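What follows is each chain in one-letter form.
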Amino acid sequence: MPKVGMETIRKAALVKATIVEIGRAGSLDVTVSQIAKRAGMSSALAHHYFGSKEEIFLATMRHILSLYGAEVRGALHLATGPEARLKAILWASFSLANFRREAVGAWLNFWVLAQTVPEAKRLLAVYQRRLRSNLLAALRPLAGNKAEAVAEGLGALIDGLYLREVLKSGAPDGAAAVETAMDYLNSQLEGRDA
């Protein structure tokens, strides 16, 4: 008889192993066997819990999105005023938890997966809508009628900084990414017509 709670523990181990394996490979070209081995279990058990490699990838992205969302909500809860809220979103986007080599690799591959897998596309759309909504809420008092355009540009810049990070070697530099995003934001807000 299986131990109570083992399924949750094993699924979490598989999700963590998936992040590491995708980060190591730099692509979705990893096998369930590699993921299961990294998690310390058989590939049959991994298939039992998720059914397919695609489902493991989707569970992994749900996990990454959940961690990201919790960090953004926590940062926004502590922020007062629109400028502080924008900085909170940026710092959460490029925090050590979200902007590490493995997570960046998983994000890149998530964007690729979203091109062909409807559930991945749906998850990506949820992330994009939430990011846009958070950015707009902070930008409206600062940018007036330019808020939507600035939010679109800032969202694209965040994604672009993740993409560029995959192409670099060494540890990701979240502070430099925030500085780049803030430079863009400040240039967009100069001479604004509210």
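Refer to the preceding data block for the structure.
Residues numbered from 1 in each chain as written. Predicted model: local features only at pLDDT ≥ 70, side-chain atom pairs only at ≥ 80, totals over all residues. Heavy atoms only, no water.

(A) The packing of helix α4 (residues 53-78) against helix α7 (residues 118-143), seen in detail. Between α4 and α7, whose axes approach to 11 Å, the crossing angle comes to 10°. With respect to each other, α4 and α7 are oriented roughly parallel. On α7, the residues that touch L58, R62, L65, Y68, V72 and L76 of α4 are E119, A120, L123, Y127, L131 and N134. Split into classes, the residues belonging to the contact of α4 with α7 amount to nine nonpolar, one polar and two charged. (Axes fitted to C-alpha atoms, helices over the stretch in contact; angles between N-to-C directions. Helix = DSSP H or I, 4+ residues; strand = E, 2+ residues; numbered from the N terminus. Parallel < 35°, antiparallel > 145°, perpendicular 65-115°, else oblique. Contact = heavy atoms within 4.5 Å. Nonpolar A, V, L, I, M, F, W, Y, C, P; charged D, E, K, R; others polar.)

(B) Spotlight on empty space enclosed by the protein. Applying the stated criterion across every chain, the model contains two cavities of 30 Å³ or more. The wall of the largest cavity is formed by Y68, W107, W111, Y127, I158, D159 and Y162. Only α6 (101-113) and α8 (147-167) provide two or more residues apiece to the lining of the largest cavity. Broken down by element, the lining of the largest cavity gets its largest block of residues, three residues, from α8. The class makeup of the residues in the lining of the largest cavity is six nonpolar, no polar and one charged. (1 Å grid on protein atoms, 1.4 Å probe; cavity = no way out; pocket = protein on both sides within 12 Å on 5 of 7 lines; lining within 4 Å. Points joined across faces, edges and corners; volume = space filled by probe spheres on them.)

The analysis is restricted to geometry; functional conclusions fall outside its scope.
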